[in-house]
Amino acid sequence: MSTVTSADGTTIGFDAYGAGRPLILIDGATAHRAVNPINGELGQLLSDGFRTYAYDRRGRGESTDTAPYAIQREIEDLGALIEDAGQPAILFGWSSGCLLALDAAAAGLPVAGLVLFEPPVVVDDVRPPLPPDYVEQLDAFVAAGRRDQAAELFMTAAAGMPAEAVAGMKQSPYWAPLEEIAHTIAYDGRIMGTTMSGNPLPADRWADVKVPVLVLYGDKTWPALSAGASAVAANLDAPLKAVPGENHSTEAATLVPVLREFADLT
């Protein structure tokens, strides 16, 4: 593992694979290197032409955290990784990590392009929107020491899982690591902002994004996620591409040709 130090002193842990154009992989809510092997697999498969960064977002895995949280701090984390890379980077965002990638580009970081896989925005009535006090509920659960309830709220309200399925998850090895980073779920809630409210996306949030963008979705994904990807692509006037046979998770090998093609065009 390597590290960089962000502007507020937070240590960001990462693994870097290969040499070539910088590619930074941004996880969505709850994911980090210890529980998401796909980023490392992507780095290995792309090592002949990219220097791929798989990192732990602040508060997760081997990265530290510094209060109070602000989205700008996560943008600064990406800035530290780009500085380590030494040249503008392509950012690949998973799920809510897509919006962090967009915010980083809009903030003026040296970004060469953006690839966004299934940004989970909710712009219609295909699925229920997030509760308007979602972030406040998460913060209250964590403050009260009820990380299990914060994780359960994420799984039901944000991920859309039935309560009975979540009850089964609590008996699995997956649940304890989820509780460990439950305080960071509200970070992604803040990043999502009003974009899961069922209303149209804000017209100006990413108006300053001037780099090439590709929006991806799996053609076997849930209707709300394909609708969300379409809405983000339309908002950015960006191309939209279906990844055959995939849903909200996918295999590294499936993404490799897509990323190579995008890099060749940027």
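Scope of this entry: the structure provided in the associated data block. The residue numbering used here restarts from 1 in each chain and proceeds along that chain's sequence as written. The predicted origin of the model limits local features to residues at a pLDDT of at least 70 and limits the giving and counting of side-chain atom pairs to 80 or more, whereas totals for whole chains, interfaces and linings rest on all residues. Excluded from the side-chain calculation are hydrogens and water; included are all heavy atoms of the structure.

**Structural notes on the overall build of the protein**
The following threshold applies: Strands here mean DSSP runs of E at least two residues long; helices mean DSSP runs of H or I at least four residues long; both are numbered from the N terminus. We take the radius of gyration over the C-alpha atoms and set the globule estimate at 2.2 Å times the residue count to the 0.38 power. Think of it in three bands: residues with accessible area under 20% of the maximum for their type are buried, residues over 50% are exposed, and the middle band is partly exposed, with areas taken using a 1.4 Å probe on protein chains only. By definition in these notes, contact holds between two residues if any of their heavy atoms fall within 4.5 Å. Each accessible area is a Shrake-Rupley estimate made with a 1.4 Å probe; only the visible protein chains count as cover when residues are assessed.
When helices and strands are counted, the protein shows ten helices and eight strands. On C-alpha atoms alone, the protein measures out to a radius of gyration of 17 Å, which is about the 18 Å that the 2.2 N^0.38 rule sets for 266 residues. Principal axes of the C-alpha set define a box for the protein whose edges measure 45 × 40 × 35 Å. Expressed as a percentage of the 266 residues in the protein, the buried residues total 49%. Of the contacts made within the protein by residues no fewer than 6 positions apart, 75% connect residues no fewer than 24 positions apart. As presented, the protein carries roughly 11,100 Å² of accessible surface, and 53% of it is formed by carbon and sulfur atoms.

**Quick notes on the layout of surface pockets**
Put simply, the rule is: Computed over the protein atoms alone on a 1 Å grid, cavities are sets of points where a 1.4 Å probe fits but cannot get out and pockets are open sets with protein on both sides within 12 Å along at least five of seven lines; a residue lines them when it has an atom within 4 Å of a point. Grid points are joined across faces, edges and corners, and a volume is the space filled by probe spheres set on the points. Nonpolar residues are Ala, Val, Leu, Ile, Met, Phe, Trp, Tyr, Cys and Pro. Charged residues are Asp, Glu, Lys and Arg, and all others, Gly as well, are polar.
Size it by volume and the largest pocket reaches roughly 1,100 Å³. Mapped by element, the contributors of at least two residues to the lining of the largest pocket are helix H5 (147–158), helix H7 (175–180), helix H8 (185–192) and helix H9 (223–236). With five residues, the single largest contributor to the lining of the largest pocket is H5. Considered class by class, the residues forming the lining of the largest pocket number 31 nonpolar, twelve polar and three charged.

**Section: the nonpolar core**
The nonpolar side chains of soluble globular proteins are, as a tendency, buried together. Note the threshold: Here, nonpolar core refers to any group of buried Ala, Val, Leu, Ile, Met, Phe, Trp, Tyr and Cys residues whose side-chain atoms link them within 4.5 Å.
Formed by 63 residues in total, the largest nonpolar core has its most connected members in Ile24, Tyr55, Leu91, Leu114, Leu116 and Tyr134. Beyond its immediate stretch of four places on either side in the chain, Leu114 contacts Leu91, Ala101, Leu102, Ala105, Val209, Val211, Pro212, Val213, Leu214 and Phe262. Ranked by size, the runner-up nonpolar core spans 21 residues in total, among them Leu216, Leu255, Val258 and Ala263.

**Examining the pairing of strand S5 (residues 89–94)**
Selection rule: At least two DSSP bridges between two strands are required for those strands to pair.
For S5, the buried fraction is high: six of the six residues fall into the buried class. Residues Ala89, Leu91 and Gly93 point to one face of S5 and Ile90, Phe92 and Trp94 to the other, with burial holding for every one of them. Sheet analysis places strand S3 (residues 21–26) next to S5, joined by four bridges and oriented parallel. Opposite Leu23, over in S5, you have Ile90 as the bridge partner. Pairing of S5 with strand S6 (residues 111–117) involves six bridges; the strand directions are parallel.

**What about the pattern of salt bridges?**
Here is the rule we go by: Just to be clear on terms, a salt bridge is a Lys or Arg side-chain nitrogen sitting within 4 Å of an Asp or Glu carboxyl oxygen.
Under the definition given, this model contains 15 salt bridges. Here Glu62 ties to Arg33 by a salt bridge, and the two come within 3.0 Å at their closest N and O atoms. On the criterion of sequence distance, the pair formed by Glu62 in the loop between strand S4 (50–55) and helix H2 (71–85) and Arg33 in the loop between S3 and helix H1 (38–45) is long-range, its members being 29 residues apart. Taking relative accessible area as the criterion, Glu62 reaches 47% and is therefore assigned partly exposed. Put simply, Asp77 and Arg58 hold a salt bridge, and the shortest N to O gap is 2.8 Å.

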